[in-house]
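Reading the structure
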Amino acid sequence: MLSILILGGTGFIGTTQVRYALARGHRVSVFNRGTDAEKLPEGIELLTGDRDTNDYASIKGRTWDVCIDVPARVPHWVRDAGVVLKGQVGQYIYVSTVSVYANNAEPGQDESAARSRYTGADPMAETALSASQNMSMYGALKALCEDEVNKAFTGIATIVRPGLIVGPGDKTDRFTYWPVRIARGGDVLTPPLTEPVQFIDARDLGEWTIRLAEERTFGTFNANGPAQPLTFGRLLACAVDVTKSNARLREVTTAFLRAHGIEPWSDLPVWIPSDGESGGSHRRSISAAIAAGLTFRPLATTIADTLAWHMTRPTEQRETMRAGLTADRERSLLDMLQRGDEADLGDAK
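Now for a description of the structure that goes with this document. (Residues numbered from 1 in each chain as written. Predicted model: local features only at pLDDT ≥ 70, side-chain atom pairs only at ≥ 80, totals over all residues. Heavy atoms only, no water.)

**A short note on the overall build of the protein chain**
The helix and strand tally for the protein chain stands at 13 helices and 12 strands. In terms of C-alpha radius of gyration, the protein chain reaches 21 Å, essentially the compact-globule figure of 20 Å for 349 residues. Its C-alpha atoms give the protein chain principal-axis dimensions of about 70 × 40 × 35 Å. Burial analysis of the protein chain (349 residues in total) assigns 52% to the buried set. Partitioning the intrachain contacts of the protein chain with sequence separation of at least 6 by distance along the chain shows that 78% fall at a separation of at least 24. About 15300 Å² of surface is accessible on the protein chain, with carbon and sulfur atoms providing 49% of the total. Charge-centre separation for the protein chain: the mean point of 38 positive side chains lies 3 Å from the mean point of 43 negative side chains. (Helix = DSSP H or I, 4+ residues; strand = E, 2+ residues; numbered from the N terminus. Rg over C-alpha atoms; globule rule 2.2 N^0.38 Å. Buried < 20%, exposed > 50% of the residue type's maximum accessible area, 1.4 Å probe, protein only. Contact = heavy atoms within 4.5 Å. Areas by Shrake-Rupley, 256 points an atom, 1.4 Å probe, with all protein chains shown as cover. Lys, Arg positive; Asp, Glu negative; His and termini not counted. Charge placed at Lys NZ, Arg CZ, Asp CG, Glu CD.)

Take a look at the structure:
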């Protein structure tokens, strides 16, 4: 049995960590502002504080076997936690991001690849609000958070760098768009079906962090999946199988999408072009994580569970998704394909 302190614990990943740790017999303490306490199961210790204001009074002087830091996105959060917890925990697991990398062009890069550099005035003056208002600094600030982890917890740090995190509870709708759109059926506009895809189910990520604590595994790991390379075509074909829909995939080229102002990641979520500066985005090495015990539930399970969760959401959230093409925009593009007008099709004939 481990004593585990989870900073956060009520978000997308944290809820999985809490439940999985409890199910495996560990003692769990959760530190946060207490605003979402109703999300936490019975059997945990709730400690309240505020990382924005450096309020760690409730954990000062306490010891744990491991601390898991999920939400930190500005370096002073990690620095201040380090002041309180240095020498008080046996391991510090920090959930970072693959966005720390400076270069996404080269496929196959591992954890040793160069990271982004902060170019602002004062990284320690950045707040959660300022970071959310300037997403271009997201990766660089997370890289500095990693540095603070390694300063305070030298030799006992574990840094996990996930890519796109998906599954039930993902309110960004980036992955959710595709099961929902495939389930609706009819002609579905898709990017090139041979494009590579990497992502990780939040439950696989959360459960693995607990196992990293159990095994006292230290180091830095890219946390993406699946274990074998996945293409957009296989992803969508699986969604068709799961939903039993009559969806017909209408594949177009990257050139066509660019010509018509279709943005990767937002208009067609998950998709990132596999050429140019983004050529390695969905091709990062995950061999170290797999060797350290990262496992993946079946893709069909992630798709089915995501769709089932989506159907429980309020009507407004179901009908107004935060990512993906609107029905009207998709229809206008599909009409271009139907007409076969060369001026509209570009290279996508």
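**Structural notes on the nonpolar core**
By size, the foremost hydrophobic cluster in this structure holds 31 residues, and its most contacted members are Trp178, Leu189, Phe199, Phe232, Leu235 and Leu257. Those elements giving two or more residues to this core turn out to be helix 5 (177-184), strand 8 (187-190), strand 9 (196-201), helix 7 (232-243), helix 8 (254-259) and helix 12 (327-339). Ranked by residues supplied to this core, first place goes to helix 7 with five residues. Other than its neighbours up to four places away in sequence, Leu257 contacts Leu189, Pro191, Val252, Ile262, Leu268 and Trp271. In terms of nonpolar packing, the next biggest core, distinct from the first, is built from 30 residues, Val74, Val89, Tyr92 and Tyr118 among them. (Core = buried A, V, L, I, M, F, W, Y, C linked by side-chain atoms within 4.5 Å.)

**Regarding the side chain of Ser278**
Topologically, Ser278 is positioned in the loop between helix 8 and helix 9 (287-291). There is a polar contact of 2.5 Å between the side chain of Ser278 and the backbone oxygen of Pro273. Once you skip the residues sitting within four places of it in the chain, Ser278 turns out to touch Asn104, Ile272 and Pro273. (Polar contact = N/O pair within 3.5 Å; in protein donor to acceptor, adjacent residues only side chain to side chain.)

**Digging into the packing of helix 5 against helix 7**
Contact pair helix 5 / helix 7: the axes reach a minimum separation of 9 Å and the direction vectors enclose 55°. As far as their axial angle goes, helix 7 and helix 5 are oblique. Taken as a pair, helix 5 and helix 7 cross one another with a handedness that is right-handed. Taking contact as the criterion, the partners of Trp178, Pro179, Ile182 and Ala183 in helix 5 are, on helix 7, Phe232, Leu236, Ala239, Val240 and Thr243. (Axes fitted to C-alpha atoms, helices over the stretch in contact; angles between N-to-C directions. Parallel < 35°, antiparallel > 145°, perpendicular 65-115°, else oblique. Left-handed = near helix turned anticlockwise from the far one by under 90°.)

**Things to note about helix 1 (residues 14-23)**
Spacing of three or four residues puts side chains on the same side of an α-helix, whose turn is 3.6 residues. Most of helix 1 sits out of view: seven of its 10 residues are buried. Turning to helix 1, its buried residues number three or more, namely Gly14, Thr15, Thr16, Gln17, Val18, Tyr20 and Ala21. Those residues of helix 1 that are buried are in contact with strand 1 (3-7), strand 2 (27-32), strand 4 (66-69), strand 5 (92-95) and helix 6 (202-215). In the segment just after helix 1, Gly25 is the residue with positive phi, at about 90°.

**As for the pairing of strand 2**
Burial analysis of strand 2 places five of its six residues in the buried class, which makes it a mostly covered element. Pairing of strand 1 with strand 2, which is carried by five bridges, proceeds in the parallel orientation. Looking at the pairing, Ser3 lines up with Arg27 of strand 2. Between the parallel pair strand 1 and strand 2, the chain is carried across by helix 1, and the sense of this crossover is right-handed. (Pairing = 2+ DSSP bridges. Right-handed = clockwise from strand over helix to strand, strands pointing away.)

**Focus: the sheet that holds strand 6 (residues 157-162)**
In spatial order, the strands read 3-2-1-4-5-6-10; together these seven strands make up an open sheet with parallel pairing. In this open sheet, the two strands that pair with only one neighbour each are strand 3 (45-48) and strand 10 (219-223). Strand-to-strand twist in this sheet, taken as the mean axis angle between neighbours without regard to direction, amounts to 20°. As paired strands, strand 1 and strand 4 are joined by four bridges and run parallel to one another. In the sheet register, Ile6 faces strand 4, and the bridge partner there is Ile68.

**Observations regarding the layout of surface pockets**
What the second largest pocket holds in volume is close to 280 Å³. As for the second largest pocket, its lining consists of 15 residues, and the residues nearest its centre are Arg184, Arg318, Glu319, Met321 and Leu325. Looking at the lining of the second largest pocket, the elements with two or more residues in it are helix 5 and helix 11 (315-319). It is helix 5 that provides the largest number of residues to the lining of the second largest pocket, a total of five residues. Along the lines of polarity and charge, the residues of the lining of the second largest pocket split into eight nonpolar, three polar and four charged. (1 Å grid on protein atoms, 1.4 Å probe; cavity = no way out; pocket = protein on both sides within 12 Å on 5 of 7 lines; lining within 4 Å. Points joined across faces, edges and corners; volume = space filled by probe spheres on them. Nonpolar A, V, L, I, M, F, W, Y, C, P; charged D, E, K, R; others polar.)

**Focus: the packing of aromatic side chains**
Here the structure, examined in full by the defined rule, presents six aromatic pairs. On the basis of an interplanar angle of 15° and a centroid distance of 4.2 Å, the ring pair of Tyr92 and Phe153 is categorised as stacked. Of this pair, Tyr92 sits in strand 5 while Phe153 sits in the loop between helix 4 (138-152) and strand 6, and the two are 61 residues apart along the sequence. For Tyr92, a relative accessible area of 0% gives the class buried. By relative accessible area, which is 1% here, Phe153 ends up buried. (Phe/Tyr/Trp six-rings, centres within 6.5 Å; stacked < 30°, edge-to-face > 60°.)

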